[in-house]
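# Observations on chain architecture
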Amino acid sequence: MNEAALTLEGWYALHDFRSLNWTAWTAADDEERAVAMDELNAFIQEWSPVEEAKVGSSTMYSIVGQKADFVMMHLRESLEELNKLETAFNKTAFARFTLKAYSYVSIVELSNYAAGGGDGGDPLQNPHVIARLKPVLPKANHICFYPMNKKRELADNWYMLDMAKRRELMHSHGLIGRGYAGKVKQIISGSVGLDDWEWGVTLFAEDALQFKKLVYEMRFDEVSARYGEFGPFYVGNLLTPESFEEMLKL
Ligand code: 76R
């Protein structure tokens, strides 16, 4: 039997994509829209105390293109909390003007391919590791999300490669990634057993062009070129309560 990479897990993640029912929104009267906006703002305002207490983080982006109109990305300590958030949103008057577009459930993950060396201490006590597993979501201008798999075909089966080979390939992957330090922040979340793909990839950048540069460069790297399989891509722009209100203003 082959050796599974060891993984460290942090917060559970929900990417909740919604579309706006513009027909209903434009047909509603001012009073209905005002109630909906108040309930939306009250829902969003509950996120900052959670972030301050370091028990989760949430953010919101508009989505460009027809796959969805916006995404709420939540990180929390448990699936129950994610479920509560989703339900709390569904109960708002604003949610009546939205339609479900897509969702993704995963858990923030670090694997041990790059480990080795270190001080031999408990990684879960290491502040750098904690910051990666329980990240405060950046307020970057842009988000890019896509789910992905590693191939399991006869000739190209990632899961049949031995640990040393996978480590070597992941090293090369990490080197490309590091070239984007300061330009793209990535959160890799594992979703084997949780959702339809094996990982969710969430990227944040001030300049959306860097998503294209990074993902393109990685396509030529063996891990992605030979073993990567990709789901739909979602790209969008940061939403603040103010810019969301602006987007909804008629
Ligand atoms: O965690 C680390 O920084 C160590 C090196 C590293 C690992 C183990 C790393 C670095 N990644 C790791 C794991 Mn990654 N990553 C992706 C994608 O579009 C594509 O082709 C692939 C999507 C991007 C864009 C990306 C970016 N990475 C993983 C895994 C789990 C693999 C497994 O367990 O089998 C996946 C699926 C994955 C996919 N990666 C980096 C980046 C970037 C930017 C880095 C550098 C991080 C840094 O040094 O700060």
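Residues numbered from 1 in each chain as written. Predicted model: local features only at pLDDT ≥ 70, side-chain atom pairs only at ≥ 80, totals over all residues. Heavy atoms only, no water.

What follows concerns the coordination of the manganese atom of the ligand. The sole protein-derived ligand of the manganese atom of the ligand is His173 (NE2), positioned 2.2 Å away. Relative to the helices and strands, His173 is located in helix H6 (residues 163–178). (Donors = N, O, S within 2.8 Å, 3.2 Å for Na, K, Ca; no water. Helix = DSSP H or I, 4+ residues; strand = E, 2+ residues; numbered from the N terminus.)

Moving on to the nonpolar core. Formed by 21 residues in total, the largest nonpolar core has its most connected members in Leu40, Met60, Phe70, Phe89, Phe94, Phe244 and Leu248. Among the secondary structure elements, those contributing two or more residues to this core are helix H2 (30–45), strand E3 (70–76), helix H4 (79–91) and helix H9 (241–248). Those residues within four positions of Met60 in sequence are excluded, and the remaining contacts are Leu40, Ile44, Trp47, Phe70, Val71, Met72, Leu238, Leu239 and Phe244. Ranked by size, the runner-up nonpolar core spans 18 residues in total, among them Ala13, Met73, Leu75 and Tyr104. (Core = buried A, V, L, I, M, F, W, Y, C linked by side-chain atoms within 4.5 Å. Buried < 20%, exposed > 50% of the residue type's maximum accessible area, 1.4 Å probe, protein only. Contact = heavy atoms within 4.5 Å.)

Turning our attention to the site of the ligand. Residues in contact with the ligand amount to 24 residues; listed here are only the nearest, Arg132, Tyr146, Lys150, His173 and Ser224. Between the ligand and the protein, one listed contact pairs an oxygen atom with a side-chain N or O atom of Arg132 at 3.1 Å. With respect to the ligand, the side chain of Arg178 contributes an N or O atom lying 3.4 Å from an oxygen atom. For the shell around the ligand, the secondary structure elements donating two or more residues are strand E4 (98–111), strand E5 (142–150), H6, strand E6 (184–190), strand E7 (199–205) and helix H7 (209–219). Among the elements that make up the shell around the ligand, the one with the highest residue count is H6 (five residues). (Near = heavy atom within 4 Å. Polar contact = N/O pair within 3.5 Å; in protein donor to acceptor, adjacent residues only side chain to side chain.)

Let us look at the UniProt feature "active site" (unreviewed entry) in the protein. UniProt feature "active site" (unreviewed entry): in the numbering of this structure it lies at Tyr146. Among the structural elements, Tyr146 can be located in strand E5. Classification of Tyr146 by relative accessible area gives buried; the value is 5%. (UniProt positions renumbered as here; feature names shortened; annotations may be inferred.)

Our focus in this paragraph is the UniProt feature "binding site: Fe-coproporphyrin III" (unreviewed entry) in the protein. Under the local residue numbering, the UniProt record ascribes the feature "binding site: Fe-coproporphyrin III" (unreviewed entry) to Arg132, Tyr146, Pro147, Met148, Asn149, Lys150, His173, Gln186 and Ser224. Summarising the element assignment, Gln186 is placed in strand E6. Using a relative accessible area of 35% as the deciding quantity, one classes Gln186 as partly exposed. If we skip the residues at most four places from it in the chain, Gln186 touches Arg132, Thr202 and Leu203. In this fold, Ser224 is placed in helix H8 (residues 222–227). Ser224 sits in the buried class, given a relative accessible area of 10%.

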